Amino acid sequence: MSYSQCWLVYNSIDNYKDKDLLTDLHIYYEKDNALSNIMNNIIKELTQGLNSILNIKISANIIDGKETSSSIKSGIVLGLTGQNVINDIADTEQLTEEGYLLKEANQCIYIIGKTEKGLLYGAFDLLRRIATGEGIRGLKVIENPKNTLRMLNHWDNMDGSIERGYSGESFFMKKEEILVNQRTIDYARIVASIGINCVVINNVNVRGSAATGLITDRYLNKLKEMAEIFEGYGIKLYLSANFAAPMEIGGYKTADPLDQGVADWWKECVQNIYKIIPGFGGFLIKADSEGRPGPFTYNRTHADGANVLARALKPFGGLLVWRCFVYNCQQDWRDYKTDRARAAYDNFMGLDGKFDDNVILQIKNGPMDFQVREPVTPLFGGLKNTNMILEVQAAQEYTGQQKHVCYLIPMWKEVLEFNTYAKETNATIADIVSGKTYNQTHTGMAAVSNTGDDFNWTGHDLAGANLYGFGRLSWNTELSSEQIAAEWIKQIFPHKDKVYKAIMDILMGSWHTYEKYTSPLGIGWMVNPNHHYGPNVDGYEYDRWGTYHRANRNGMGVDRTKAGTGYASQYNEPNASMYEQKETCPEELLLFFHYIPYDYKLKSGVTLIQHIYDTHFEGVQEVEKMVEEWNGLEGLIPEDIFQRVQKRLTIQLESAKEWRDRINTYFYRKSGVDDAKKRKIYY
Ligand SMILES: CO[C@H]1[C@H](O)[C@@H](O)[C@H](O)O[C@@H]1C(=O)O
């Protein structure tokens, strides 16, 4: 088993200017017992990290928490609020449960938290600053996470495969068994270092032995080992469960959520889980979606379905995360009224306020399915009395499958900054999912993970920036895409201007580049069915999935105005009117909301058809430029990373050309309009 340490590689740096502050490690600890797992992990991380980065050996010195700080002359000091250590050091009233204070005073670096989890995050922050070369003299930061739930969803199956996995096989499970080993520990370290505190280890499509066994004694003892490792890094273990488990496991004839026997079955099942894993987080459920069982079978609502499970979890403080990815996947393409984009809102809006307080609705960022460009789902602007969590996809299912570079943080930032106008004052998605707008308790962000057992965890080395960025962004939604990329680059690569600039350029431009050579102006799809890689304009056009582009000889796009499917009206004003009119609709979403003739003039002055040709040529040129920039890094960065990325860039370039040619050819044939610049289109 061999794998990288990602951004915890702790590369050594020379001449770090504040090395003199890092002489010792003092830990205030009041408990008579041995140190907790979290404390031990913090000590290990700091000693190993500093040793590796700065070549210094520090030893941990445990101090009775009742002592005062005056006896300490220098070094790192860790302590909890309430201990004497901090009384004269700083005002820590602003700290929340997982927050921390980092402060330099009197030759000491203080890491102070309200809880040990806060200390853990503070320790990782300090290491990050040092690894990126940032000075720590004069440091004073108070950091509280913006979101309480910062979650990764793994779509791993018990046979070791990963649904939409592009980085090898699962490191959580193999051949129907749960794996617990050193990689489990390193996974926990790596994701804890970016603030992740909840992990769902198995696929939301719960099948096979996951469906029959994962929440039963067959696997719980092994899962307990994993949960304990996770807990040492502040992470709660969650499981995806099958709504029909009372039938599949319990042998019941029904999974009707209002059936008393079903409710009792869930209670017993959950009691048993908590008996074995007291720190268990809860369930993630995909119901009535893409063939999964759910409450609709019994004419019950999704609130009925979610609440029965939530009530079983409630006595133990467990949470029930319920996905809103519910739509009709048996559509007829000739039906111009049924619109998949409307589905989440239509299915869930009427249930606002009907969910128990430990239910959280998990809502995908867009109304369709993780396309390269989609509007933000209107559901966030609608629900007011419901816990909500934003779901994004780090796994690049529709964004190049980790063969292409596509840095997704700029996309997620746009989502977070979107103003829903749910209140008169600003109510951005970031405000709503952090609980700021409506004061819900359980809110936050979840990402479909892009990891697997590949050496570099993410298949494409540069896809590591998406995993890193998701964690950092879910901790602090105000960080910019550049800040996140900068941190990531500096922790992994040698500190050289040329390296920094090239990787920053490649990352920051990559999403728009990908968008240019794939499907235009928000229309999405146009991928090969099933595996979703590579262009196929009509791949889903006459299919049942509700993902149409409606191209004909005159134009293309889906009419989602009042004259069409009415989807635009699901937004609050002024967004609804903005999308309703083509003149005010943001152009990058024009074809998502409107059917547009090929000769329609865009704001740039070019016609729609010319825009399609131009962006597809540009997209390929931009990939060529990326390749060139990357090639310039040979010898300046670790050879293995250089080689791996170079190989993938070659694949990306080939694929980008294929996209360009297929898309341009298709629309040339449909429209009969020549490229004004007379470039070669492969018809
Ligand atoms: C886990 O199933 C996935 C499915 O593979 C994916 O193609 C679809 O887009 O989304 C589903 C979901 O989000 O549930």
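- By the naming in an unreviewed UniProt entry, the chain is Xylan alpha-1,2-glucuronidase, taken from Mobilitalea sibirica.

**Section: the pattern of salt bridges**
- The tally for this structure, following the rule as stated, stands at 40 salt bridges.
- Between Lys314 and Asp357 there is a salt bridge, with the nearest N and O atoms lying 2.9 Å from each other. Of this pair, Lys314 sits in the loop between helix 9 (302-313) and strand 13 (319-323) while Asp357 sits in the loop between helix 10 (343-348) and strand 14 (359-364); the two residues are 43 residues apart in sequence, bridging distant segments of the chain.
- The shortest N-O distance in the salt bridge between Glu658 and Arg662 comes to 2.9 Å.

**Describing the site of the ligand**
- Taken together, 15 residues are adjacent to the ligand, and Glu163, Lys286, Arg323, Asp369 and Glu397 come closest.
- Within the side chain of Arg164, an N or O atom sits 2.8 Å from an oxygen atom of the ligand.
- Here an oxygen atom of the ligand sits 2.6 Å away from a polar atom, N or O, in the side chain of Glu397.
- Here the residues of the shell around the ligand sort into 4 nonpolar, 3 polar and 8 charged.

**Some points on the layout of surface pockets**
- One number sums up the size of the largest pocket: a volume of about 770 Å³.
- Taken together, 33 residues make up the lining of the largest pocket; nearest its centre are Glu98, Asn147, Thr148, Leu149 and Asn197.
- Sorting the residues of the lining of the largest pocket by element identifies strand 11 (236-240), helix 12 (409-417) and helix 13 (429-433) as the ones contributing at least two each.
- It is helix 12 that contributes the most residues to the lining of the largest pocket, 3 residues altogether.
- Considering only residue class, the lining of the largest pocket consists of 8 nonpolar, 14 polar and 11 charged.
- Here the lining of the largest pocket spans two domains, since at least three of its residues come from each of domain 1 (6-143) and domain 2 (149-492).
- In this structure, the second largest pocket encloses a volume near 360 Å³.
- Looking at side-chain class alone, the lining of the second largest pocket contains 8 nonpolar, 5 polar and 10 charged residues.
- Taken domain by domain, the makeup of the lining of the second largest pocket includes at least three residues from each of domain 2 (149-492) and domain 3 (516-558 + 595-671).

**Remarks on the nonpolar core**
- Grouped together as the largest cluster of nonpolar side chains are 231 residues, with contacts concentrated most on Trp266, Phe283, Trp488, Trp630 and Phe667.
- Per-element accounting of this core gives the leading share, 11 residues, to helix 20 (residues 639-671).
- Excluding residues that lie within four positions of it along the chain, Trp488 makes contacts with Trp7, Asp461, Leu462, Gly464, Ala465, Tyr468, Phe493, Ile503 and Leu507.
- Residues Tyr28, Ile63, Ala105 and Tyr110 belong to the second largest nonpolar core, which totals 10 residues.

**A closer look at the sheet that holds strand 6 (residues 140-143)**
- One open sheet accounts for 6 strands, arranged 2-1-3-5-4-6; its pairing is mixed. Two strands in the sheet have a free side with no partner beyond their single neighbour: strand 2 (60-64) and strand 6. The mean inter-strand angle of the sheet, taken between neighbouring strand axes irrespective of direction, is 20°.
- With 3 bridges connecting them, strand 1 (residues 25-29) and strand 3 (residues 75-80) associate as parallel partners. Looking across to strand 3, one finds that His26 is bridged to Val77.
- Packing against the sheet, helix 1 (residues 37-54) makes contact with strand 1, strand 2, strand 3 and strand 5 (108-113), and its axis sits at approximately 170° to strand 1.
- The sheet strands contacting helix 3 (residues 116-131) are strand 1, strand 3, strand 4 (100-105), strand 5 and strand 6, and the helix crosses strand 4 at an angle near 55°.

**Re the packing of helix 15 (residues 481-492) against helix 16 (residues 497-517)**
- Where helix 15 meets helix 16, the axes come as close as 10 Å, and the angle between the chain directions of the two elements is 135°. For the element pair helix 15 / helix 16, the angle class is oblique. As for the relative orientation of helix 15 and helix 16, their crossing is right-handed in sense. Residues Ser481, Glu482, Ala485, Ala486, Trp488, Ile489 and Lys490 of helix 15 lie in contact with helix 16, whose contacting residues are Tyr500, Ile503, Met504, Leu507 and Met508.
- Among the residues forming the contact of helix 15 with helix 16, the class breakdown is 9 nonpolar, 1 polar and 2 charged.

**What to know about the packing of aromatic side chains**
- In total, this model carries 34 aromatic pairs according to the counting rule given.
- Taken together, the ring pairs in this structure connect Tyr3, Phe171, Phe172, Tyr187, Phe230 and Trp457 into an aromatic cluster.
- Here Arg183 stacks its cationic end above the ring of Trp457, 4.0 Å away from the centre of that ring.
- One Lys or Arg, Lys403, reaches over the ring of Tyr533 and ends 4.6 Å from the middle of that ring.

**A look at the domain arrangement of the chain**
- When cut into domains, the chain gives domain 1 (6-143), domain 2 (149-492) and domain 3 (516-558 + 595-671).
- Of note, the centres of domain 1 and domain 2, computed from C-alpha atoms alone, are 32 Å apart.
- Every contact between the two is made by 20 residues of domain 1 and, on the other side, 26 residues of domain 2.
- Our enumeration of links across domain 1 and domain 2 arrives at 3 salt bridges.
- Arg128 is paired through a salt bridge with Glu487; the nearest N and O atoms lie 4.0 Å apart.
- Within the residue set of the side of domain 1 that touches domain 2, elements represented by two or more residues are helix 1 and helix 3.
- When residues in the side of domain 1 that touches domain 2 are grouped by element, the largest group, 6 residues, is from helix 3.
- Among the residues making up the side of domain 1 that touches domain 2, the classes are represented as 11 nonpolar, 4 polar and 5 charged.

Basis of the calculations
- Residues numbered from 1 in each chain as written.
- Predicted model: local features only at pLDDT ≥ 70, side-chain atom pairs only at ≥ 80, totals over all residues.
- Heavy atoms only, no water.
- Salt bridge = Lys/Arg side-chain N within 4 Å of Asp/Glu carboxyl O.
- Helix = DSSP H or I, 4+ residues; strand = E, 2+ residues; numbered from the N terminus.
- Near = heavy atom within 4 Å.
- Polar contact = N/O pair within 3.5 Å; in protein donor to acceptor, adjacent residues only side chain to side chain.
- Nonpolar A, V, L, I, M, F, W, Y, C, P; charged D, E, K, R; others polar.
- 1 Å grid on protein atoms, 1.4 Å probe; cavity = no way out; pocket = protein on both sides within 12 Å on 5 of 7 lines; lining within 4 Å.
- Points joined across faces, edges and corners; volume = space filled by probe spheres on them.
- Domains from an automatic or database assignment.
- Core = buried A, V, L, I, M, F, W, Y, C linked by side-chain atoms within 4.5 Å.
- Buried < 20%, exposed > 50% of the residue type's maximum accessible area, 1.4 Å probe, protein only.
- Contact = heavy atoms within 4.5 Å.
- Pairing = 2+ DSSP bridges.
- Axes fitted to C-alpha atoms, helices over the stretch in contact; angles between N-to-C directions.
- Parallel < 35°, antiparallel > 145°, perpendicular 65-115°, else oblique.
- Left-handed = near helix turned anticlockwise from the far one by under 90°.
- Phe/Tyr/Trp six-rings, centres within 6.5 Å; stacked < 30°, edge-to-face > 60°.
- Lys NZ or Arg CZ within 6 Å of the ring centre and 35° of its normal.

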